[in-house]
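Examining the three-dimensional arrangement
Listed here are the chains, written in short residue letters.
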Amino acid sequence: MEGIRNRFGALALLSALAMIFGLMVPTLGSMGPEAPKLPESAADEKIEDDLRRIFETEGEAEFLVLFSDEADTSAAFGMSDWEERGRFVYETLTRHAEKTQAEVISDLDAMDADYESYWIVNSLLVTGTATTASTLAAHSEVESIVHATDFRIPLPEEAEPVNRVQATEWGLDAINIPQVWDQYGVTGEDIVVGVIDTGAQWDHPALINSYRGNDDGDVDHDYNWYDPSRTCGDPSPEPCDQDGHGTSVTGTVTGDDGGANQIGVAPGAKWISAMGCDLGEDCSFDALFGAGQWMAAPTDTDGNNPDPDMRPHILNNSWGGQVAGDWYLEMINNWIAFGMFPQFASGNNDGCGAAASPGHYAQSYSAGAFDINGNLYFGSARGPSDFDGGIKPNISAPGVAVRSSVPGGGYDSKTGTSMASPHVAGTVAVLWSAAPALIGDIEGTKAILNQTAIDTENLACGGEPGNNNVWGEGKLDALAAIEALPDDPPPTTTTTTTPPATSSTTTTPPTTSTTEAPTSTTVPPTTEPEPGEHIGFDDVPDDHLFHDDIIWLAEEGITYGCNPPKNTLFCPSESVTRGQMAAFLTRTFD
């Protein structure tokens, strides 16, 4: 499975340009005749060796059937409406999965096998024998069959609390978020953060007011909580926390009791939760897939009536493991297609090359951890990524002796990258609340976080002084990040700069409710320069976030701003900045 496939040849480039300038024609996927089955010897090669050994020793196993054909969601990256984008991706993925999985499901039904179908990753989770696996592998549309491995929460350490001199915690002060609240008056309003973890105590004093299921005392857990493994009931009627880890993580994102316990980075944001880690400190494969799919199209607590309009903007994942391969990459690619920011913990594994999966993918944004004195947490997992050799973690955040909420209504301090990750997730919530134009722009958001992080040199595991495999881009600085935003951001957009290239169909699913997106004012169009002026845009300052991209386009002959109808050379829709389009184009040409 290739995940995001690098197919930007001439046709893909033409499509990308057409989409930017409003010329994209939707393409409809088509299904040919029934796919042939492969000879047995070729088919069995699709079954991974580890799974074969489990069959030999245990006879039966839980395994994942992965399909080679991924849906094309690239058109989503040109959609500026949050709900339209979500419905398009949902319908594309669900219809594609239904068509491509049909023949394999027919075989499973004939065998009376136990299975679960997923659309967020085109796959089937099956419980069966070696014979079952061989029968399914014979289908040409099946790419591989792998063992469904359980994963772990990066185990946090209990920590002695640090001295507190005010209501906010040291980690909040370290990333300068109180200054953001005070100077900009933004705390994450209109943004929803989804937490995939061990659950959460929804009525904890620091969490109840930011729980999306609580509307001024009118509580409704549908579309706000999901327990795919039915750990807390069948169905699970309300959020619970089977370990305590999730309550702590959620507190660092949004926690605030209105008094002396201001523990969250984005107290104005809302949170929802799905229990992806259902086995104490372990996270079962089916729980992680179920939680990840639910986040893209939340359902009622029974798991019915999915509605992509209710998806969160940001996903915090303080879990991971040392697992090879691209087992979760398609999940993350599709989250990004939905416009959701994929935030992960780097893991608590000392040594170079120990960054945990799935945070080690290039598409994931992972956080390492440091302490109150600015020193690296010794267990903060370092890169390079053992998947693609890339720099990991991406950034570092407070993660030692972080005080947050715990089940029972109390507070305690914990240490680990699990505590660092929600600092980043909360910061993204504040940024997107302050600049709605960034909503869904994953690459643009990463660029701001990266460029404003405080460089911290450590080349022990490779990299460069300002971006290395110990600290990533450096220490998170929320104030610098918000100061890097445009002075007058354009209206809400969900456009991102690097769409995956795959095949799709488009329709709109029925909805049960909607979530209003924040709005802003429109940026006036730029004027066309007079002949004889230097090539470029006169109104682009040297320190503009996308200065180099815009000037590069100018040097390539795109030298005018947006002043229709006289000139439309570089005139994206009013809800998309020239900088975002410049970054998109340069990456496309590159």
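Residues numbered from 1 in each chain as written. Predicted model: local features only at pLDDT ≥ 70, side-chain atom pairs only at ≥ 80, totals over all residues. Heavy atoms only, no water.

Let's talk about the overall build of the protein
Helix and strand content of the protein: 15 helices and 20 strands. When burial is assessed residue by residue, the protein has 59% of its 590 residues classed as buried. Contacts in the protein between residues at least 24 apart in sequence constitute 77% of all its contacts with a sequence separation of at least 6. Summing over all exposed atoms, the protein offers an accessible surface of approximately 22400 Å²; the carbon and sulfur share of this is 48%. (Helix = DSSP H or I, 4+ residues; strand = E, 2+ residues; numbered from the N terminus. Buried < 20%, exposed > 50% of the residue type's maximum accessible area, 1.4 Å probe, protein only. Contact = heavy atoms within 4.5 Å. Areas by Shrake-Rupley, 256 points an atom, 1.4 Å probe, with all protein chains shown as cover.)

With respect to the state of the cysteines
In total, this model carries three disulfides according to the counting rule given. The partner cysteine of Cys-232 in its disulfide is Cys-240, sulfur to sulfur 1.5 Å. On the S-S bond that ties Cys-232 to Cys-240, the torsion sits near 65°, and the link is right-handed. Taking the relative accessible area as the measure of exposure, Cys-232 reaches 27% and is therefore partly exposed. Each sulfur of the disulfide joining Cys-352 and Cys-461 lies 1.9 Å from the other. Because the sign of the S-S torsion sets the handedness, a value of about -75° for the bond joining Cys-352 and Cys-461 places this disulfide among the left-handed ones. Taken together, the residues span a long stretch of sequence, with Cys-352 in the loop between strand E14 (341-345) and strand E15 (365-370) and Cys-461 in the loop between helix H12 (442-452) and strand E19 (463-464) at a distance of 109 residues. The buried category is assigned to Cys-461, whose relative accessible area is 11%. (Disulfide = S-S within 2.5 Å.)

Here's the deal with the sheet that holds strand E10 (residues 225-226)
As summarised here, the arrangement of the seven strands in space is E10-E11-E7-E13-E14-E15-E16, forming an open sheet in which the pairing is parallel. Edge positions in the sheet fall to E10 and strand E16 (395-398), since each of these pairs with one other strand and no more. As paired strands, strand E7 (residues 192-197) and strand E13 (residues 314-317) are joined by four bridges and run parallel to one another. Each bridged residue has a counterpart across the sheet, and for Val-193 the counterpart in E13 is Ile-314. On top of the sheet, helix H10 (residues 329-338) reaches E7, E13 and E14; it is set at about 140° to E14, its chief contact. (Pairing = 2+ DSSP bridges. Axes fitted to C-alpha atoms, helices over the stretch in contact; angles between N-to-C directions.)

Notes on the side chain of Thr-417
Along the chain, the position of Thr-417 falls in helix H11 (residues 417-434). A polar contact is formed between the side chain of Thr-417 and the backbone nitrogen of Gly-347, at a distance of 3.0 Å. (Polar contact = N/O pair within 3.5 Å; in protein donor to acceptor, adjacent residues only side chain to side chain.)

Points about the sheet that holds strand E1 (residues 60-67)
An order of E2-E3-E1-E4 is seen for the four strands of this open sheet, with the pairing classed as antiparallel. Only two strands of the sheet have a single partner each, and these edge strands are strand E2 (114-118) and strand E4 (142-147). Each adjacent strand pair in this sheet contributes to an overall mean axis angle of 25°, direction not counted. Here E1 pairs with strand E3 (residues 123-129) via seven bridges, running antiparallel. Pairing of Leu-66 across the sheet is with Ser-123, part of E3. Here helix H3 (residues 49-58) sits on the sheet and contacts E1, E3 and E4; the angle it forms with E1, its principal contact strand, is near 155°. Running at roughly 30° to E2, helix H9 (residues 285-296) makes contact with E1, E2, E3 and E4 of the sheet.

Details of the packing of aromatic side chains
A full pass over the atoms with the stated rule returns 19 aromatic pairs. A ring pair is formed by Trp-319 and Phe-344, whose centres lie 5.8 Å apart and whose planes are at 70°; its orientation type is edge-to-face. Taken together, the residues Trp-319 in the loop between E13 and H10 and Phe-344 in strand E14 connect sequence positions 25 residues apart. On the numbers, 5.7 Å between centres and 65° between planes, the contact of Phe-341 with Tyr-365 is edge-to-face. Here Phe-341 is found in strand E14, whereas its partner Tyr-365 is found in strand E15, with 24 residues between them in sequence. (Phe/Tyr/Trp six-rings, centres within 6.5 Å; stacked < 30°, edge-to-face > 60°.)

A short note on the nonpolar core
Judged by nonpolar contacts, the single largest core of 102 residues is most densely connected at Trp-327, Tyr-328, Trp-335 and Trp-432. Per element, the largest residue contribution to this core is nine residues, and it comes from H11. Setting aside its immediate chain neighbours within four residues, Trp-432 contacts Ile-191, His-313, Ile-314, Gly-339, Phe-341, Leu-438, Ile-439, Gly-440, Asp-441, Ile-442 and Thr-445. (Core = buried A, V, L, I, M, F, W, Y, C linked by side-chain atoms within 4.5 Å.)

What to know about the side chain of Arg-311
In this structure, Arg-311 sits in the loop between H9 and E13. Of the side chains with opposite charge, Asp-309 comes closest to the buried, unpaired Arg-311, at an N-O distance of 5.1 Å. Of the polar contacts made by the side chain of Arg-311, one reaches the backbone oxygen of Phe-338; its length is 3.0 Å. When neighbours within four sequence positions are excluded, Arg-311 is seen to be in contact with Trp-82, Arg-85, Gly-86, Met-295, Ala-296, Pro-298, Phe-338 and Met-340. (Lys, Arg positive; Asp, Glu negative; His and termini not counted. Salt bridge = Lys/Arg side-chain N within 4 Å of Asp/Glu carboxyl O.)

Examining H12
Extensive coverage of H12 is indicated by the burial of nine of its eleven residues. The complete set of buried residues in H12 reads Ile-442, Gly-444, Thr-445, Lys-446, Ala-447, Ile-448, Leu-449, Asn-450 and Thr-452. For H12, the elements touching its buried residues are H10, E14, E15, E16, H11 and helix H13 (478-483). Where H12 begins, the side chain of Asp-441 points an oxygen toward the backbone nitrogen of Gly-444, at a separation of 2.8 Å.

Examining the pairing of E2
As paired elements, E2 and E3 share five bridges and run antiparallel to each other. Its bridge partner lying in E3, Tyr-118 is registered against Ser-123.

Topic: the pairing of E14
Counting buried positions along E14 yields five of five residues, so the element is predominantly enclosed. Here E14 shows two buried faces, one formed by Phe-341, Gln-343 and Ala-345 and the other by Pro-342 and Phe-344. Bridging between E13 and E14 involves four bridges; their strand directions are parallel. Looking across to E14, one finds that Ile-314 is bridged to Phe-341. Across three bridges, E14 lies against E15 in parallel orientation. By the bridge assignment, Ala-345 is partnered in E15 with Ala-367.

Details of helix H5 (residues 130-137)
Looking at H5, one finds that the buried residues are Thr-132, Ala-133, Leu-136 and Ala-137. Each buried residue of H5 sits inside an arc of 130° when the element is viewed along its axis, so together they form one side. (Arc of directions from axis to C-beta.)

Some points on the environment of Ile-54
Positionally, Ile-54 belongs in helix H3. The exposure class assigned to Ile-54 is buried, which follows from its relative accessible area of 16%. Ile-54 sits 76 residues away from Ala-130 along the chain, and the two C-alpha atoms are 9.3 Å apart. Apart from the residues lying within four places of it in its own chain, the contact partners of Ile-54 are Gly-59, Glu-60, Ala-61 and His-147.

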